[in-house]
Amino acid sequence: MIQNTGIIAANEAAMMMLEDDLSDDFDLTSPSSTTASTIPTNTSTTESVTSSIINKPFNATKNKEILALQYTQGKRYFEITMVSAATTLFIIACLRCSLSFRLETLWVTLTATVLGMAMADFFSGIVHWAADTWGSLETPIFGQSMIRSFREHHLSPVAMTHHDFIEANGDNCMIVVPLLAISVCSPISSADTFHLFLHQFIVIMSLWIALTNQIHKWSHTYKLAWYVKMMQKYRIVITKQDHAVHHRNPFDKYYCITNGWLNPIFASIDFWKKMEAAVTYVSGCVAREDDAFWTGISAKLE
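Residues numbered from 1 in each chain as written. Predicted model: local features only at pLDDT ≥ 70, side-chain atom pairs only at ≥ 80, totals over all residues. Heavy atoms only, no water.

1. Considerations on the overall build of the protein
Step number 1: Within the protein one finds twelve helices and zero strands.
Step number 2: Reading the protein from its N end, one meets helices and strands in the order α-α-α-α-α-α-α-α-α-α-α-α.
Step number 3: Residue pairs in contact within the protein that sit at least 24 positions apart in sequence constitute 75% of those at least 6 positions apart.
Step number 4: Within the structure as shown, the protein displays about 14,800 Å² of accessible surface, and the carbon and sulfur contribution to it stands at 65%. (Helix = DSSP H or I, 4+ residues; strand = E, 2+ residues; numbered from the N terminus. Contact = heavy atoms within 4.5 Å. Areas by Shrake-Rupley, 256 points an atom, 1.4 Å probe, with all protein chains shown as cover.)

This is the structure in structure tokens:
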């Protein structure tokens, strides 16, 4: 598990950084005196850095530093492992696809490509919505990976542009490793249209899921390579303009970040609001409560 000694050490370092502030008010990053919400009642505060800032005035800089400290060496090693595993499995899967390719089955490949890209966009929306809306840094498995990353991202959207390939894509590679493993172990034949389609669909979808955070990073990057600009222009990947809609407080729309094809559709039917209402009705959890704690939604961010 990633979360033990490395995370405790990071939390202790963050606690030391905050000790001088516990008896005095934080220096506010905006004129607002808005205070952050208290930590959700279902969040453990034992040995938690967040417990030291309950009811303190919102401070974006301080919160950025705390969240950045949660990126541990253990997580780095885990990300390297996941990127390596996903790359290896993807090469094997692509080789199997190439050996079974026939011109007469080109329509299968094209269909799998379009549907795979659309499904990757949907999956990116589900994961993004879940990490933004629910859970906290103490959530098992995902708290110190995806949830921490999204909390930091809302405070400092361009910080991810300074992340290298491993840090930017490690979490997504973790998701696709099981999918690619299934694909590699599944039968494939050009004579069996269904299994050929299924194999190609899984591989193409996995590729776009794995690259989603890289695409997300491009949507916040000022200087881009010509081929990235071309892909954005033709909406093969999400554009800066489309993703900017999500970054308007309170970060509750346009969650799909692979190519953004589904964003207008979901916005037109109020899909995410209905999903939030359903989860709140069943669980009683408050949407974006932890995100509001870290970002001070009503405060002006730096």
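Picking up where we left off.
2. Here we look at the pattern of salt bridges
Step number 1: Scanning the entire structure with this criterion turns up seven salt bridges.
Step number 2: The residue Asp164 makes a salt bridge to Arg76 at a minimum N-O spacing of 2.6 Å. Residue Asp164 is found in the loop between α5 (143–155) and α6 (165–185), and its partner Arg76 is found in helix α3 (residues 73–99); the two are separated by 88 residues along the sequence.
Step number 3: Of the residues examined, Asp164 reaches a relative accessible area of 35% and is grouped as partly exposed.
Step number 4: In this structure, the salt-bridge partner of Arg288 is Glu276, at a minimum N-O distance of 2.5 Å. Here the residue Arg288 occupies a position in the loop between α11 (271–283) and α12 (289–295), and Glu276 occupies one in helix α11, the gap between them amounting to twelve residues. In this pair, the class of Arg288 matches that of Glu276, namely buried. (Salt bridge = Lys/Arg side-chain N within 4 Å of Asp/Glu carboxyl O. Buried < 20%, exposed > 50% of the residue type's maximum accessible area, 1.4 Å probe, protein only.)

3. A few points about the side chain of His243
Step number 1: Take His243: it is sitting in helix α9 (residues 240–246).
Step number 2: A residue is classified by how much of its surface remains accessible, and His243, at 1% relative accessible area, is buried.
Step number 3: A polar contact of 3.1 Å, which involves the side chain of His243, links it to the side chain of His247.
Step number 4: Residues contacting His243, with those up to four places away along its chain left out, are His128, His153, His216, Ser219, His220, Ile238 and Ile257. (Polar contact = N/O pair within 3.5 Å; in protein donor to acceptor, adjacent residues only side chain to side chain.)

4. Observations regarding the packing of aromatic side chains
Step number 1: Scanning the model with the defined rule gives nine aromatic pairs in all.
Step number 2: Arranged with centres 5.8 Å apart and planes meeting at 20°, the rings of Phe197 and Phe201 form a pair that is stacked. Of this pair, Phe197 and Phe201 both sit in helix α7 (residues 193–218), four residues apart, which is roughly one turn of the helix.
Step number 3: On the basis of relative accessibility, which here comes to 22%, the residue Phe197 falls in the partly exposed class. (Phe/Tyr/Trp six-rings, centres within 6.5 Å; stacked < 30°, edge-to-face > 60°.)

5. A short note on the nonpolar core
Step number 1: Membership of the largest hydrophobic core comes to 35 residues, with the highest contact counts inside it found for Cys173, Val176, Trp208, Ile209 and Ile215.
Step number 2: Broken down by secondary-structure element, the contributors of at least two residues to this core are α3, α4 (106–133), α5, α6 and α7.
Step number 3: Per element, the largest residue contribution to this core is ten residues, and it comes from α7.
Step number 4: Aside from chain neighbours lying at most four places away, what touches Trp208 is Met117, Ala120, Ile215, Ile236, Val237 and Thr258.
Step number 5: By size, the runner-up hydrophobic cluster in this structure holds eight residues, among which are Trp129, Tyr255, Cys256 and Phe271. (Core = buried A, V, L, I, M, F, W, Y, C linked by side-chain atoms within 4.5 Å.)

6. Things to note about unusual backbone geometry
Step number 1: Of note, the phi angle at Tyr254 is positive, near 50°, even though the residue is not glycine.
Step number 2: Here Tyr254 lies in the loop between α9 and α10 (263–268).
Step number 3: Phi at Arg288 is positive, roughly 60°, even though this residue is not glycine.

7. A word on α4
Step number 1: Taking 1.5 Å of rise per residue, the 28 residues of α4 would be expected to cover 40 Å, and the 40 Å separating its terminal C-alpha atoms lies within 8% of that figure.
Step number 2: Trailing α4 by a residue or two, Gly135 shows a phi angle of about 80°, which is positive. (Expected span 1.5 Å × (residues − 1).)

8. Here's the deal with α6
Step number 1: Along its length, α6 reaches its greatest deviation from straightness, about 40°, at Asp171.
Step number 2: Along α6, 15 of the 21 residues are buried, which leaves the element largely enclosed by surrounding structure. (Bend = angle between axes of the 7 residues up to and from the residue.)

9. Quick look at the side chain of Thr239
Step number 1: One can find Thr239 in the loop between α8 (226–233) and α9.
Step number 2: Sequence-distant contacts of Thr239, that is, excluding residues within four places in its chain, are made with Ser219 and Gln232.

10. Some details on the environment of His220
Step number 1: Mapped onto the elements of the fold, His220 is located in the loop between α7 and α8.
Step number 2: Given a relative accessible area of 13%, His220 falls into the buried group.
Step number 3: Look past the residues within four positions of His220 in its chain and what remains in contact with it is His153, Pro157, Val158, Met160, Thr161, His243 and His247.
Step number 4: Only 3.5 Å separates the side chain of His220 from the side chain of His216, close enough to count as a polar contact.

11. Comments concerning the packing of α4 against α11
Step number 1: Contact geometry for α4 and α11: axes closest at 12 Å, N-to-C directions at 50°. The angle between α4 and α11 places the two elements in the oblique class. The crossing of α4 and α11 is right-handed. Facing Phe122, Gly125, Ile126, Trp129 and Thr133 of α4, the residues of α11 in contact are Phe271, Trp272, Met275, Glu276 and Val279. (Axes fitted to C-alpha atoms, helices over the stretch in contact; angles between N-to-C directions. Parallel < 35°, antiparallel > 145°, perpendicular 65-115°, else oblique. Left-handed = near helix turned anticlockwise from the far one by under 90°.)

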